[in-house]
Amino acid sequence: MTRIDRIRLHRIDMPLIRPFRTSFGTQDARDILLVEAITSDGVSGWGECVAMSWPGYSYEYVDGCVDVLTEHLVPLVLRDGVVDPLEVHRRLARVQGHPMAKTALETAILDAWLRTRSERLVDFLGAEYPGQVRDEVDCGVSVGIPPSESLSELLDEVSGYVDAGYRRIKLKIEPGWDAQPVRAVRETWPEILLQTDANQAYTRGDAALLAAMDRFDLLLVEQPLPEDDLLGHAALAREITTPVCLDESITSVAVAETALAVEATSVINIKPGRVGGYLTAVEIHDLCHQRGVVVWCGGMLETGIGRAANVALAALPGFTLPGDTSASNRYYAVDVTPPFVLDEGRLAVPSAPGIGVEPIPEILAELTTWSALIER
Ligand code: NPQ
Ligand code: MG
């Protein structure tokens, strides 16, 4: 019987091709933890931890993930080398919180298990939807606040993405950088699918400011208010015509159900790292799909490892809006896997078993700043 014998943590430093500014800060590089699960047959599976270096998007951060993985999560699985995905999921649930760390480990083991069975992640995730899983997904792109706060720089950047074929543009907004840039982009491209993301930067008193953007025909506004304020989002949703979409708030199936019940959200951004893994991501997808609620796949500036798994998830039938599943070259000059390249605004779901890609050893070695081996 196949078991997991060893887990290796790889910390890599990926320079971004341009700084990425959001309402919570500016990133120049991505500090990423990759988890490699190695089986008794010598098969490696891979998972990506989407936490940032500091707790700006959520409370998780890379040093904290290294600690909870090393001291708590990895020992739970190495005890007997458990490889069955549902059992791994139940085991990890004994630790409270830490969804990004759990996702990385669960995905690495799932990838290893699928590879030993020669089964693709997309077929595993989409097992309930035979014949309805796509082989390519529509891609959007998230556009940061230009560090210069210059409208012409914003329009230049968006122009590049429109020319590259992206099927939806998402503008990061915050108080002071909202209606004006949104209007400029809408006036330049009257037909494009356009949405905004505030990453919690507004308050309950800002309804009028947000309502001022209703006339720009936006698909949705993402996470305008703090993540714990479901009732504030419900009140705001009654004040504006643009649909409210929650990201940071949706941390579990139960919260997703509550947010829908109180009408705090009418569209959901699903990010596996935020909800504790691909199995939970599929559960939220299923809940929404049954209720006719649209979902789309978020992004966390993943390398090819996380991107591959996200593209597989986004192939499920309920993902009907383009995701933040951008091409490798949106963020990185060199990806750690063979690059994901946009084709008519879409990315292909990998055809190989598991997540379908793996790091290129020489590139991984070059990018690695730290690694550790944890054995049974
Ligand atoms: C979001 N992602 O939807 C996030 C936020 C985000 C693609 O907009 C480093 C690591 C920087 C993760 C900046 C996109 C990040 C990050 C923003 C995630 O809210
Ligand atoms: Mg977001």
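Attention in this report is confined to the structure presented alongside it.

Reading the values: rules and limits
Residues numbered from 1 in each chain as written. Chains lettered and ligands numbered in written order. Predicted model: local features only at pLDDT ≥ 70, side-chain atom pairs only at ≥ 80, totals over all residues. Heavy atoms only, no water. 1 Å grid on protein atoms, 1.4 Å probe; cavity = no way out; pocket = protein on both sides within 12 Å on 5 of 7 lines; lining within 4 Å. Points joined across faces, edges and corners; volume = space filled by probe spheres on them. Helix = DSSP H or I, 4+ residues; strand = E, 2+ residues; numbered from the N terminus. Nonpolar A, V, L, I, M, F, W, Y, C, P; charged D, E, K, R; others polar. Domains from an automatic or database assignment. Buried < 20%, exposed > 50% of the residue type's maximum accessible area, 1.4 Å probe, protein only. Contact = heavy atoms within 4.5 Å. Pairing = 2+ DSSP bridges. Axes fitted to C-alpha atoms, helices over the stretch in contact; angles between N-to-C directions. Bend = angle between axes of the 7 residues up to and from the residue. Phe/Tyr/Trp six-rings, centres within 6.5 Å; stacked < 30°, edge-to-face > 60°. Lys NZ or Arg CZ within 6 Å of the ring centre and 35° of its normal. Core = buried A, V, L, I, M, F, W, Y, C linked by side-chain atoms within 4.5 Å. Near = heavy atom within 4 Å. Polar contact = N/O pair within 3.5 Å; in protein donor to acceptor, adjacent residues only side chain to side chain. Areas by Shrake-Rupley, 256 points an atom, 1.4 Å probe, with all protein chains shown as cover. Sits in = over half its atoms within 2 Å of the grid points.

1. Things to note about empty space enclosed by the protein
- Under the definition given, this model contains four cavities of 30 Å³ or more.
- As for the largest cavity, its lining consists of 20 residues, and the residues nearest its centre are F20, F24, G299, M300 and L301.
- Of all elements in the fold, only β1 (4-22), β2 (25-39) and β6 (169-172) reach the threshold of two or more residues within the lining of the largest cavity.
- When the residues that make up the lining of the largest cavity are grouped by side-chain class, the tally is seven nonpolar, six polar and seven charged.
- Counting contributing residues per domain, the lining of the largest cavity is built from domain 1 (4-119 + 358-375) and domain 2 (123-348), each supplying no fewer than three.
- Roughly 110 Å³ of volume is contained in the second largest cavity.
- Around the second largest cavity sit 17 residues that line it, and E48, V50, Y278, G306 and N310 are the ones nearest its centre.
- The set of elements that each furnish at least two residues to the lining of the second largest cavity consists of β3 (44-49), α3 (99-116), α10 (272-275) and α12 (304-314).

2. Quick notes on helix α6 (residues 179-188)
- Taken residue by residue, α6 has P181, V182, A184, V185 and R186 as its buried positions.
- Contact partners of the buried residues in α6: α5 (151-164), β6 and β7 (194-197).

3. Some details on the sheet that holds β1
- Strand order in this open sheet of four strands is β3-β2-β1-β13, and the pairing throughout is antiparallel. The sheet is open, and its two edges are formed by β3 and β13 (368-375), each paired on a single side. Neighbouring strand axes in the sheet, compared pairwise and without regard to direction, differ in orientation by 20° on average.
- By the bridge criterion, 14 bridges tie β1 to β2 in an arrangement that is antiparallel. If you follow H10 over to β2, its bridge partner there is L34.

4. A short note on helix α1 (residues 62-78)
- Of all bends in α1, the biggest is about 50°, found at L69.
- Within the span of α1, buried status applies to V62, G64, C65, V66, V68, L69, L73, V74, L76, V77 and L78.
- Here the buried face of α1 lies against β1, β2, β3, α2 (85-92), α3 and β13.

5. Some details on the layout of surface pockets
- Reported here for the largest pocket is a volume of approximately 320 Å³.
- Lining of the largest pocket is provided by 16 residues; of these, K102, T251, S252, V275 and G276 occupy positions nearest its centre.
- Elements with a contribution of two residues or more to the lining of the largest pocket: α2, α3, α10 and α11 (278-290).
- Per-element tally for the lining of the largest pocket: the top contributor is α3, with three residues.
- Its residues assigned to classes, the lining of the largest pocket shows six nonpolar, six polar and four charged.
- Built from parts of two domains, the lining of the largest pocket gets at least three residues from each of domain 1 (4-119 + 358-375) and domain 2 (123-348).

6. Observations concerning the packing of aromatic side chains
- A complete count under the given rule lists six aromatic pairs for this structure.
- Among the aromatic residues, those joined into a ring-pair cluster are F20, Y331 and Y332.
- Directly above the ring of W296 sits R168, whose terminal nitrogen or CZ lies 5.2 Å from the centroid.

7. Structural notes on the nonpolar core
- Core analysis: the largest hydrophobic core is formed by 121 residues, its most contacted members being I7, L69, L105, I169, L171, I268 and L313.
- Two domains share this core, each providing at least three of its residues, namely domain 1 (4-119 + 358-375) and domain 2 (123-348).
- Ignoring anything within four residues of it in the chain, the contact list for L171 reads V143, L154, V158, P181, V182, V185, L194, Q195, T196 and D197.
- Counting residues in hydrophobic clusters, the runner-up holds five residues, among them C245, V267, W296 and L321.

8. A few points about the site of ligand 1
- Of all residues adjacent to ligand 1, which total 20 residues, the nearest are S142, K170, K172, N199 and G299.
- D247 is positioned such that a nitrogen or oxygen atom in its side chain is 3.1 Å from an oxygen atom of ligand 1.
- With the chains in place, 100% of the 440 Å² that ligand 1 exposes on its own is no longer accessible.
- Taking a 2 Å distance to the grid points as the criterion, the majority of the atoms of ligand 1 fall inside the largest cavity.
- Mapped by element, the contributors of at least two residues to the shell around ligand 1 are β1, β2 and β6.
- Of the residues contributing to the shell around ligand 1, the split by class is seven nonpolar, five polar and eight charged.

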